Amino acid sequence: MRVVESRKLEDCFDGSSVHWYRFDCPWTQAGILELKSLGKIEYFADFPRPFFRLRTDRGMFVQGICGEHTCRVILPREGNHEVRRDWESVFSSREPADKTFD
Amino acid sequence: MPALSMVYLNNAALGWPTAPGVAEAVQAWLTDPPEERGRTAAAHEDVAGEARRRLSKMLGASDPERIIFTLNATQSLNIAILGLNLPPGSLAITTVTEHNSVLRPLERLRAERGIRVKIVGFDSTGALDEDEFRKGLSDGPRLVVLNHASNVTGRVNDVGPLFLAAKAAGASTLLDASQTAGLIPVDAAGLHADLVAFPGHKGLHGPTGTGCLYVAPGIELDQFIVGGTGTRSDLARHPEEMPLRLEAGTANGAGLAGLAAALGWCEHHGGEAREEVARLGDRLRSGLRQIPRVRVFGLAGSQGGATGVVSFGIEGLDAGQAGYILRESFGIVCRTGLHCAPLIHRAIGSSPSGTIRFSASAFNTSQEIDEAIAAVEQVSRCVS
């Protein structure tokens, strides 16, 4: 699972800490649960499209939908460059989509 | 991934779908031969003229030429507020419920021209604080700007008596009808509004890129744009007569064709549509109020159902997060945050993250409203 694209999202506020990511393959339940090494992961399997969110000790918040290629990441105001770099490094070390998440 | 049907509840931002006939009218404008509809007097006699006549009827105005076309309500409000040429030191009165399309032009006048701006809050019943408002009138304001309905709570303001008092105090009156045009009768004279601004793409269900400003007889606005008009080309200066005084350049013909079609639909179906929106808004409001951990931000005595707008929050859940879940997991398209009306949130208790806003239209169904309520119930029960 690799990052294909990312960009800042605008919202009602300054928007500087909200990012959108697109990956080369969709999130799967297994792939979502692997995120538990980063922090507290919650997975809502009973929703019409299963929803997950991740909160980390460093103040990062991730939301996404199982089956989607994307997720929304809110970075902490302080030190967000390091947090972002670490988040993206998770995916640079993951196996390509056709090997892990099929 | 399971297919998800969409429930569109973001009509306070963008009315969807457009009214029947709008898409066809836009397409016809774009595809029919253009030779009969150049930027000439003839153009004013087709879609622009038709839209002006229909808008004039909708506003109870006697002269269609007092209506100008803009891109949206924001542009209309800017033309009105900045175009009144308020002298330095003069007073403008508005309210905490206003959109940034009103607040920011006023702030610009404050910063650049030293205009004083008084912002009126609520009283204990949730209505505009009339005592504070009337106290402000005693200071001789030159301009009073009120919205007809809040884009956050949906509350409809009883602007007629307030504008009447404002005019008696010597003020020009500007009505922001962005949330009511097409949904609630907007009788400019009956409401004592000198200026009325609204978009074509919300309650009127016309195309984006269409907005309107009604300028009552006797009100003169500075020209903000001059240039080609297709008529009176021999004059060195831009014509003074309305609507050309405030319009220049090639019009948004495709948009106006769609707007004219939308207004035609409203003329025939507007009454039923208004009733349906009020009914769906009430259904939304009462359904959401039944859900534990959900707080509906309706002010006491609010008649908000009439516009179909309902703002709420889920205890323990940020509005932006809730909106993401509702949209991405349940297919409920809504809006979250401050809704470009930053001052109201402190007053209603929705600071700092704002509200989740559902806004229904006559094109929604009871089943969709019930699906949205059920989604909120499930989110509020499972996520915190």
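The rules behind these values
Residues numbered from 1 in each chain as written. Chains lettered and ligands numbered in written order. Predicted model: local features only at pLDDT ≥ 70, side-chain atom pairs only at ≥ 80, totals over all residues. Helix = DSSP H or I, 4+ residues; strand = E, 2+ residues; numbered from the N terminus. Contact = placed C-beta atoms within 7 Å. Pairing = 2+ DSSP bridges. Axes fitted to C-alpha atoms, helices over the stretch in contact; angles between N-to-C directions. Domains from an automatic or database assignment. Nonpolar A, V, L, I, M, F, W, Y, C, P; charged D, E, K, R; others polar. pLDDT = per-residue confidence, 0-100. Buried ≥ 20, exposed ≤ 12 C-beta atoms within 10 Å, placed from the backbone. Expected span 1.5 Å × (residues − 1).

Participant: Give me the overall build of chain A: which residues, what numbers.
Facilitator: Of regular secondary structure, chain A possesses three helices and six strands. The helix and strand sequence of chain A, counted from the amino end, reads β-β-α-β-β-β-β-α-α. For chain A, contacts bridging at least 24 residues in sequence account for 38% of all contacts bridging at least 6.

Participant: Give a description of the sheet that holds strand 4 (residues 51-55) of chain A that names residues and reports values.
Facilitator: Spatially, the six strands line up as an open sheet ordered 1-2-6-5-4-3 (chain A), and their pairing is antiparallel. The open sheet is flanked by strand 1 (3-8) and strand 3 (40-44) of chain A, the only strands paired with a single partner. Direction aside, neighbouring strands of the sheet carry axes that sit 15 degrees apart on average. Inspection of the sheet shows strand 4 of chain A paired to strand 5 (residues 61-65) of chain A by five bridges, in the antiparallel sense. Across the sheet, the residue bridging to R53(A) is Q63(A), located in strand 5 of chain A. Here helix 9 (residues 319-330) of chain B sits on the sheet in contact with strand 4, strand 5 and strand 6 (70-74) of chain A, set at roughly 15 degrees to strand 5 of chain A.

Participant: Help me get a handle on the domain arrangement of chain B, residues and values and all.
Facilitator: Residue and element names in this part refer to chain B. Domains assigned within chain B are domain 1 (7-17 + 270-382) and domain 2 (22-265). On a C-alpha basis, the centroid separation for the pair domain 1 and domain 2 is 27 Å. Each partner contributes residues to the interface: domain 1 has 32 residues there, and domain 2 has 31 residues. Every element with two or more residues in the side of domain 1 that touches domain 2 is listed here: helix 8 (253-289), strand 10 (309-314), helix 10 (344-348) and strand 13 (355-359). Take the side of domain 1 that touches domain 2: its biggest share by element is four residues, from helix 8. Its residues assigned to classes, the side of domain 1 that touches domain 2 shows 16 nonpolar, 14 polar and two charged.

Participant: Describe the confidence of the model for chain A, listing the residues and the values that go with them.
Facilitator: Mean pLDDT over chain A works out to 86, with 87% of the residues at or above the 70 mark. A low-confidence stretch, residues 96-102 of chain A stays under pLDDT 50, and its non-local contacts, those more than four residues away or across chains, total 12 contacts.

Participant: Before we move on, could you go through the pairing of strand 1 of chain A and cite the residues and values that matter?
Facilitator: Note on strand geometry: in a regular strand, side chains alternate between the two faces of the sheet. Residue and element names in this part refer to chain A. Within strand 1, only zero of the six residues are buried, leaving the element largely exposed. Alignment of strand 1 against strand 2 (residues 18-23), held across five bridges, turns out to be antiparallel. When the sheet's bridge partners are listed, S6 is paired in strand 2 with Y21.

Participant: Give a description of helix 5 (residues 100-113) of chain B that names residues and reports values.
Facilitator: Residues and elements named next belong to chain B. In this model, helix 5 (14 residues) spans 19 Å end to end at C-alpha, consistent with the 20 Å of a helix rising 1.5 Å per residue. Where helix 5 is concerned, the buried positions are S101, V102, L103, P105, L106 and L109. As for helix 5, its buried residues are in contact with helix 4 (73-83), strand 3 (91-95), strand 4 (116-120), strand 5 (143-147) and strand 6 (172-176).

Participant: I'd like a rundown of the sheet that holds strand 13 of chain B, residues and numbers included.
Facilitator: Residue and element names in this part refer to chain B. The sheet built from four strands is open, its strands ordered 9-10-13-12 with antiparallel pairing. Of all strands in the sheet, those bounded by a partner on one side alone are strand 9 (294-296) and strand 12 (335-337). Between one strand and the next, the sheet's axes are offset by a mean angle of 30 degrees, whatever the strand orientation. Pairing of strand 9 with strand 10 involves three bridges; the strand directions are antiparallel. Counted as the bridge partner of R295 is G313 from strand 10. On the sheet, helix 8 packs against strand 9, strand 10 and strand 13 and is oriented at approximately 15 degrees with respect to strand 10. Lying on the sheet, helix 9 is in contact with strand 10, strand 12 and strand 13; it crosses strand 12 at an angle near 165 degrees.

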